[in-house]
Amino acid sequence: MEALSAWLEKHLLPIAAKIGAQKHLVALRDAFIGTMPATMAGSVAVMINAIIRDLPPQFFSGYVGGDIPIIKEIISINGYIWNGTLAIAGLIFAFSWGYNLSRAYGVNDLAGGIVSLAASIAGITFSFTGNLATSVPAKMVETINAESATTGWSATSQGITATGWGWIPLNNLDSNFFFTAMVIGFVATMIFCKLMLRDMTIKLPDSVPPAVSKAFAAIIPATVALYSVAVFYWAFAKLIPNMTFLEWIQETIAKPLLGFSQGFGAVVVVTIAIQLFWFFGIHGMNVLAPVLEGVFGVAQLKNLNLFQEGGVELVKAEGYKWVRGSFDAYSMFGGSGGTIVLIVVILIFSKRADYRAVANLSLGPGIFNINEPVMFGLPIVLNPILFIPFMLAPVVSVSIGYFATMLDLVNPVSQSIVWVTPPFLLSFLATGADWRAPIVTLVCVLASFAIWAPFVIAANKMDPNLGESENQEQ
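What you see is a predicted model, and the numbers here were worked out from it, not measured in a lab. (Residues numbered from 1 in each chain as written. Predicted model: local features only at pLDDT ≥ 70, side-chain atom pairs only at ≥ 80, totals over all residues. Heavy atoms only, no water.)

### Quick word on the packing of helix α5 (residues 89-104) against helix α6 (residues 109-122)
- The N-to-C vectors of α5 and α6 enclose an angle of 140°; their axes lie 7 Å apart at closest approach. With respect to α6, the axis of α5 lies oblique. Where α5 crosses over α6, the two elements pack in a sense that is right-handed. Counted together, Leu-91, Ala-94, Phe-95, Trp-97, Gly-98, Tyr-99, Ser-102 and Arg-103 of α5 and Asp-109, Leu-110, Gly-112, Gly-113, Ile-114, Ser-116, Leu-117, Ser-120 and Ile-121 of α6 form the full contact between these two elements.
- Class assignment for the residues of the contact of α5 with α6 results in nine nonpolar, six polar and two charged. (Axes fitted to C-alpha atoms, helices over the stretch in contact; angles between N-to-C directions. Helix = DSSP H or I, 4+ residues; strand = E, 2+ residues; numbered from the N terminus. Parallel < 35°, antiparallel > 145°, perpendicular 65-115°, else oblique. Left-handed = near helix turned anticlockwise from the far one by under 90°. Contact = heavy atoms within 4.5 Å. Nonpolar A, V, L, I, M, F, W, Y, C, P; charged D, E, K, R; others polar.)

The following block contains the structure:
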């Protein structure tokens, strides 16, 4: 371990130092860290709901937290917290990104955050259309169409169409929104910053209050930036109609992955893709949902049905070896990347106050596989020193779980277990109470520990303040 740490110190740390000092990457790092108050509060809310709503049904038949008066109200309160934090994490990041990027250039940071947020959200669809093909009586058609101007509903004898405006799907505002905001927010904010630095602003007399002067000075740069992005959205809509830029990203990244099967190569490629997306701030599990749910999820459903029919032996004889829950059981302990292991490694080996502070705050949520605090608070996202273990540890742990399952050392996953179930317990329940499953998970954890440790030790020798941007730098 000492030899590896020395090698990292000699060869990797200088590269990481140069990357860490790059102004735009520093701003991006700070943008992720800036979202931490919201993501931490949301993670606490999810964790509490997991304890009082999601976990008890795994042990007590008939338990419904929503039917218990006090529990029901707590769940509702936590729901409001989630609505304003993790559900719109992408929006929060969009503002933080523009704010920190503008601050790095020494211009109006508040206006920069607003520009980034406005530009990013401008390309999201605000409407929906739904069609139901069914036979509709003539009288009902007449009634529906008479109110279509106010309801948005219309009908024919062959079906009903519902349209509406002012609706934004939440999956356009959560972590899926990060990449769109990263690209569009960067372009818009850079246009804003460059115009501000060239002094293309409205100047008011010195007698005007400073707050008013700053706001007016930002009008022309902000307007040009937003119009530039609007032209891009317009051109994109002409070239690729009926699809937003965010949807295009999802389609072009996710759908090509649909052909993967259950072979070891496919499992490794999916694992790497999840980690790579996460490293760049994109929710890997959501991007790969068509593969995870459309392929591995269907396999898990078959295993579940087989288990109900004939128990684990029928699953082993006719079911699938590797399914959706297998990733959770043997790789996602603490969240994508097995980050609960990183937290433990930091608490044991790290001497950096910033790492230890984030680890202490992230330990509770991490037990329930909620890793946004450590992912965006440390951060792991775009952190060059943690790139290798973040990519390697899940591949190794998935490989251990995969071959243990293929060699019948452990039962295949045959149960759908809520993702917030703590590690070890999750694999035990998911495999139909196979006592060997937590042992395999432990082996995966120990392997991940050995991978994470040298990189955390190497990070001790990096200045935590390295790369802090100077507002005056241009």
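### Focus on the sheet that holds strand β3 (residues 159-165)
- Spatially, β1-β3-β2 is the arrangement adopted by the three strands of the open sheet, whose pairing is antiparallel. Lying at the two open borders of the sheet, with one neighbouring strand each, are β1 (127-133) and β2 (153-156). When the angles between neighbouring strand axes are averaged without regard to direction, this sheet yields 15°.
- Those strands touched by helix α7 (residues 138-146) are β2 and β3, and its axis lies near 155° from that of β2. (Pairing = 2+ DSSP bridges.)

### Some points on the pairing of β1
- β1 sits mainly on the outside: zero of its seven residues count as buried.
- Bridge count for β1 against β3 is seven bridges, and the pairing is antiparallel. Looking across to β3, one finds that Thr-129 is bridged to Thr-163. (Buried < 20%, exposed > 50% of the residue type's maximum accessible area, 1.4 Å probe, protein only.)

### Some details on the nonpolar core
- Among the nonpolar cores identified, the biggest contains 90 residues, and Phe-93, Phe-192, Phe-327 and Leu-378 are the most heavily contacted of them.
- Residue contributions to this core reach at least three from each of two domains, namely domain 1 (98-121 + 170-252) and domain 3 (269-460).
- With sequence-adjacent residues up to four places away left out, Phe-327 is seen in contact with Val-267, Val-270, Thr-271, Leu-292, Phe-296, Trp-322, Met-332 and Val-398.
- In terms of nonpolar packing, the next biggest core, distinct from the first, is built from six residues, Val-46, Phe-368, Ile-370 and Val-420 among them. (Core = buried A, V, L, I, M, F, W, Y, C linked by side-chain atoms within 4.5 Å. Domains from an automatic or database assignment.)

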